[in-house]
Amino acid sequence: MKKLVLLGALALSVLSLPTFADEKPLKIGIEAAYPPFASKAPDGSIVGFDYDIGNALCEEMKVKCTWVEQEFDGLIPALKVRKIDAILSSMSITEDRKKSVDFTNKYYNTPARLVMKAGTQVSEGLTELKGKNIGVQRGSIHERFAREVLAPLGAEIKPYGSQNEIYLDVAAGRLDGTVADATLLDDGFLKTDAGKGFAFVGPAFTDVKYFGDGVGIAVRKGDALKDKINTAITAIRENGKYKQIQDKYFAFDIYGK
């Protein structure tokens, strides 16, 4: 009888292993220096659209989320060495990044813009940028775009660790401008005191070669987590949770076409 009880207990423990595995927290990498998508509140907590979307997705998938802060250019390396399980940090879906990671479907899509002193004239040809110092976040799609498109036109490209550092140097006159996501620039700089006297100039940048097919969540190559997250994205879009979060931060449809 004791042997039967023992065997039964062992069988039960084996059957329960997948359940415990499923309950392992999902580690999500994020750079908390990209308002309104992710930033730090005065109490040190993370706030923003990306953070709220991630928590909604985890709630939908019924898994616990733990957030791992990392500088943007270190997120993909951290994913590859399994320090994190996913990247939810306004990372655009590009062909170049697809070589290293898999992406979910998009969860938003906005164009890139150039911000400089209000009244600065920049044409579609961007020739006026010759000799101008343009700040970009290191490791971002905007850095690649600036180096391959703006630098050949004579612009001096200056990489920074975070967009917040760029804002400081733009406001101080050490940079002539910056290229980044339009929503980020509007909320994180132009609508602040530091951004007074600055404005969007030139055209909107939407070239799929550089800016991809929107912003997605990155996971390791071949990870089934991608399909689970895609299902959750569809669910929060349909049940109204996505719109509830979107309306908290934006007065327009950030999901895009």
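Conventions adopted
Residues numbered from 1 in each chain as written. Predicted model: local features only at pLDDT ≥ 70, side-chain atom pairs only at ≥ 80, totals over all residues. Heavy atoms only, no water. UniProt positions renumbered as here; feature names shortened; annotations may be inferred. Axes fitted to C-alpha atoms, helices over the stretch in contact; angles between N-to-C directions. Helix = DSSP H or I, 4+ residues; strand = E, 2+ residues; numbered from the N terminus. Parallel < 35°, antiparallel > 145°, perpendicular 65-115°, else oblique. Left-handed = near helix turned anticlockwise from the far one by under 90°. Contact = heavy atoms within 4.5 Å. Nonpolar A, V, L, I, M, F, W, Y, C, P; charged D, E, K, R; others polar. Salt bridge = Lys/Arg side-chain N within 4 Å of Asp/Glu carboxyl O. Buried < 20%, exposed > 50% of the residue type's maximum accessible area, 1.4 Å probe, protein only. Pairing = 2+ DSSP bridges. 1 Å grid on protein atoms, 1.4 Å probe; cavity = no way out; pocket = protein on both sides within 12 Å on 5 of 7 lines; lining within 4 Å. Points joined across faces, edges and corners; volume = space filled by probe spheres on them. Domains from an automatic or database assignment. Buried area = accessible area lost by both parts, 1.4 Å probe.

- The name given to the protein chain in an unreviewed UniProt entry is ABC transporter substrate-binding protein, with the source organism recorded as Pseudomonas hormoni.
- Under the Sequence similarities (unreviewed entry) heading, UniProt states for the protein chain: "Belongs to the bacterial solute-binding protein 3 family."
- Under the UniProt heading Subcellular location (unreviewed entry), the note attached to the protein chain is "Periplasm".

A short note on the packing of helix α2 (residues 49–61) against helix α10 (residues 241–249)
Part 1: At their nearest, the axes of α2 and α10 sit 10 Å apart, and the two run at 165° to each other. Considering the angle they form, α2 stands roughly antiparallel to α10. Relative to α10, the crossing made by α2 is right-handed. Here F49, D52, I53 and A56 of α2 come into contact with α10, specifically with K241, Y242, I245, Q246, K248 and Y249.
Part 2: In terms of residue class, the contact of α2 with α10 is built from six nonpolar, one polar and three charged.

Topic: the pattern of salt bridges
Part 1: Under the definition given, this model contains twelve salt bridges.
Part 2: Salt-bridge contacts for E69 lead to K40; the nearest nitrogen and oxygen are separated by 3.2 Å. One end of the pair, E69, is in strand β4 (residues 65–69); the other, K40, is in strand β2 (residues 39–40), and 29 residues separate them in sequence.
Part 3: The exposure class assigned to K40 is partly exposed, which follows from its relative accessible area of 39%.
Part 4: Close ionic contact of D85 with R220 constitutes a salt bridge, the shortest N to O distance being 3.4 Å. Taken as a pair, D85 in the loop between α3 (75–80) and β5 (86–92) and R220 in the loop between β12 (215–219) and α9 (225–238) lie far apart in primary sequence, 135 residues in all. Comparing D85 with R220, the two get one shared label, buried.

Remarks on the sheet that holds β12
Part 1: In space, the five strands of this open sheet follow the order β4-β1-β5-β12-β6, with mixed pairing throughout. Both outer strands of the open sheet, β4 and β6 (102–103), are each paired with one neighbouring strand and no more.
Part 2: As judged from the four bridges shared by β5 and β12, these two strands associate in the antiparallel manner. The residue bridging I87 from the neighbouring strand is A218, located in β12.
Part 3: Contacting β1 (26–30), β4, β5 and β12, α2 crosses the sheet at an angle of about 150° to β4.

Details of the layout of surface pockets
In this approach, a probe sized like a water molecule rolls over the atoms, and the result shows the empty space that is left.
Part 1: In this structure, the second largest pocket occupies an estimated 250 Å³ of space.
Part 2: Forming the walls of the second largest pocket are 21 residues, and the residues nearest its centre are N109, T110, P111, F211 and G214.
Part 3: Going through the elements one at a time, β5, α5 (141–150) and α8 (208–211) are the ones with two or more residues in the lining of the second largest pocket.
Part 4: Residue classes in the lining of the second largest pocket are distributed as nine nonpolar, nine polar and three charged.
Part 5: Shared between two domains, the lining of the second largest pocket takes at least three residues from each, and those domains are domain 1 (26–109 + 214–248) and domain 2 (112–205).

Section: the domain arrangement of the protein chain
Many authors give the size of an interface as the accessible area that is lost as the parts come together.
Part 1: Examined at the domain level, the protein chain breaks down into domain 1 (26–109 + 214–248) and domain 2 (112–205).
Part 2: Domain 1 and domain 2 are separated by 25 Å when their C-alpha centres are compared.
Part 3: Listed as interface residues are 13 residues of domain 1 and, on the opposing side, 16 residues of domain 2.
Part 4: Summed over both sides, the interface between domain 1 and domain 2 buries roughly 1100 Å², with carbon and sulfur atoms accounting for 59% of that surface.
Part 5: Of all residues in domain 1, the largest losses of buried area upon contact with domain 2 belong to Y34, P35 and D73, amounting jointly to 35% of the total for that side.
Part 6: For the interface between domain 1 and domain 2, the tally reads zero salt bridges.
Part 7: Its residues assigned to classes, the side of domain 1 that touches domain 2 shows seven nonpolar, two polar and four charged.

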